[in-house]
Amino acid sequence: HPLTVHVPLNGGRGYDILIGRGLLGQTGARAAALGARAAAIVTDENVAALYADGARASLEAAGLRTCLVVVPPGEASKSYAGYAQVCDGLLAARIERGDLVVALGGGVIGDLAGFAAATLRRGVRFVQAPTTLLAQVDSSVGGKTGINSGHGKNLIGAFHQPRLVLADTASLDTLSEREMRAGYAEVAKYGLINDAAFFAWCEANWAGIFSGGPERDEAVAICCRAKAGVVVRDEFEHGERALLNLGHTFAHALERLTNYDSARLVHGEAVAIGLALAFRFSARLGLCPGQEAGRVANHLALVGLPTRLQAVPGGSGDADALVEAMGQDKKVRDGALTFILARGIGASFIAPGIDRAEVLAFLKAEL
Ligand code: NAD
Ligand code: ZN
């Protein structure tokens, strides 16, 4: 029995997130239950080698016509070229509006295949089958899809909600330690945002999440429930959804300054540093006890995540460069930035109007 989290969006757009080991074997039955007659699996080369045959066999056993579109692994596929390859692959396979696009892979595939589904024939139904921890707890839920441009990440995109999310937690067994840890930064983030009890649970149970025990399924379900709640209350990010960006203002600046080079820093590692910085910055501003900031950094470090700017391979750039890179991310109004800050673990809030000079002084002290 998979764990189920329902996302009750209005207008008949509600959907289920199913979480459990071996769920990819149910891809066909679940797709048939949605009334689809054909399904296109979009995936990357790494995931294709591991899981495409199984998913495809499951779809065919359920009587669906299938096709497979495989792009190279990595962020570079979230591009105009990757988008063209996927759309043309789907069109060549005569995928229609009532058919299904199955995004089988990490966040790159979810964003790319989701955006292709959002725009192909003005909207084709799609299923998220996330295979990274990051995708299972974050990117597969909420309907944000898109690709990158030379001007920045995720600048071309659409809101397009999936019809179903199938999170096969056994697929994470083949994920590298590094990608697993990176996804874990987002897991911890949910506790830090508004669920102190979940953060404490993570401190006690993180090893089970990594080893694939029942704690993994439970953690994915708790995170999906948290994200679903936020998405239902604020689907188009007019307010509360911004809380999900805890740690991300710093993280995006670090990713920009390391040229999105995953050999140096992957997103989740940048998020781990960003979370630690957000709490230390909150402590410096007198909003949060220093002890809480210490607890956050200690836990992230315990699982092997970086928590300091000095940990960025090749250096993070100086304080001025960091603030400059942050200014590109967020709207800077009269020299002020918007941050997600915290009064403690599980007590984050949106803080507009943070003085640029204050951020600069903090980062200088950090370096
Ligand atoms: P990814 O999709 O690149 O996957 C990471 C690596 O793991 C890839 O090399 C992939 O081939 C490999 N892989 C995937 N599943 C595997 C498995 N089960 N076993 C072995 N290897 C596997 O990266 P990601 O971290 O999953 O996603 C990052 C992307 O997600 C970014 O582009 C980011 O912008 C996006 N994102 C989107 C949202 C959203 O709301 N849409 C939220 C957060 C992040
Ligand atoms: Zn993130």
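To start, this report covers the structure provided alongside it. Because the structure is a prediction, the values reported are computed rather than measured. (Residues numbered from 1 in each chain as written. Chains lettered and ligands numbered in written order. Predicted model: local features only at pLDDT ≥ 70, side-chain atom pairs only at ≥ 80, totals over all residues. Heavy atoms only, no water.)

Description of the packing of aromatic side chains
Where two aromatic rings form a pair, the distance of their centres and the angle of their planes describe that pair. Tallying each qualifying case throughout the model produces 10 aromatic pairs. Their ring planes at 85 degrees and their centres at 6.4 Å tell us that Phe250 and Phe281 sit as a pair that is edge-to-face. Of this pair, Phe250 sits in helix 9 (residues 248–257) while Phe281 sits in helix 10 (residues 267–284); the two residues are 31 residues apart in sequence, bridging distant segments of the chain. With relative accessibility at 3%, the residue Phe250 sits in the buried group. Cation over ring: Lys189 sits above Tyr190, and NZ or CZ is 5.4 Å from the ring centre. Taking NZ or CZ as reference, Arg343 lies 4.0 Å from the ring centre of Phe349, over its face. (Phe/Tyr/Trp six-rings, centres within 6.5 Å; stacked < 30°, edge-to-face > 60°. Helix = DSSP H or I, 4+ residues; strand = E, 2+ residues; numbered from the N terminus. Buried < 20%, exposed > 50% of the residue type's maximum accessible area, 1.4 Å probe, protein only. Lys NZ or Arg CZ within 6 Å of the ring centre and 35° of its normal.)

Quick look at the environment of Met326
Here Met326 shows up in helix 12 (residues 319–329). Distance from Met326 to His252, taken between C-alpha atoms, is 7.3 Å for residues 74 residues apart in sequence. Discounting chain neighbours no more than four positions away, the residues touching Met326 are Thr249, Phe250, Ala253, Leu337, Phe339, Val359 and Leu363. (Contact = heavy atoms within 4.5 Å.)

Considerations on the side chain of Thr27
Mapping Thr27 onto the fold places it in helix 1 (residues 27–33). The residues contacting Thr27, other than those within four sequence positions of it, are Ala55, Ser58, Leu59 and Leu166.

Structural notes on the coordination of the zinc ion (ligand 2)
Donor atoms from the polypeptide that coordinate the zinc ion (ligand 2) comprise Glu186 (OE), His248 (NE2) and His267 (NE2), at 2.0 to 2.1 Å from the metal. Positions of the donor residues of the zinc ion (ligand 2), expressed as sequence spacing, correspond to E-x61-H-x18-H. Placement of Glu186 in helix 6 (residues 177–194) and of His267 in helix 10 is noted, with a sequence separation of 81 residues between them. (Donors = N, O, S within 2.8 Å, 3.2 Å for Na, K, Ca; no water.)

What about the site of ligand 1?
In the vicinity of ligand 1 there are 25 residues, among which Asp44, Glu75, Thr131, Thr132 and Thr174 approach most closely. For ligand 1, an oxygen atom lies 2.8 Å from a polar atom in the side chain of Lys78. Contacts to ligand 1 include Ser171, whose backbone N or O atom sits 2.9 Å from a nitrogen atom. Protein burial of ligand 1: of its 870 Å² of free accessible surface, 87% is covered by the chains. Going through the elements one at a time, helix 2 (45–61), helix 4 (107–119), helix 5 (133–139) and strand 8 (152–159) are the ones with two or more residues in the shell around ligand 1. Looking at the shell around ligand 1, the element that brings in the most residues is helix 2, giving 4 residues. Considering only residue class, the shell around ligand 1 consists of 7 nonpolar, 9 polar and 9 charged. (Near = heavy atom within 4 Å. Polar contact = N/O pair within 3.5 Å; in protein donor to acceptor, adjacent residues only side chain to side chain. Areas by Shrake-Rupley, 256 points an atom, 1.4 Å probe, with all protein chains shown as cover. Nonpolar A, V, L, I, M, F, W, Y, C, P; charged D, E, K, R; others polar.)

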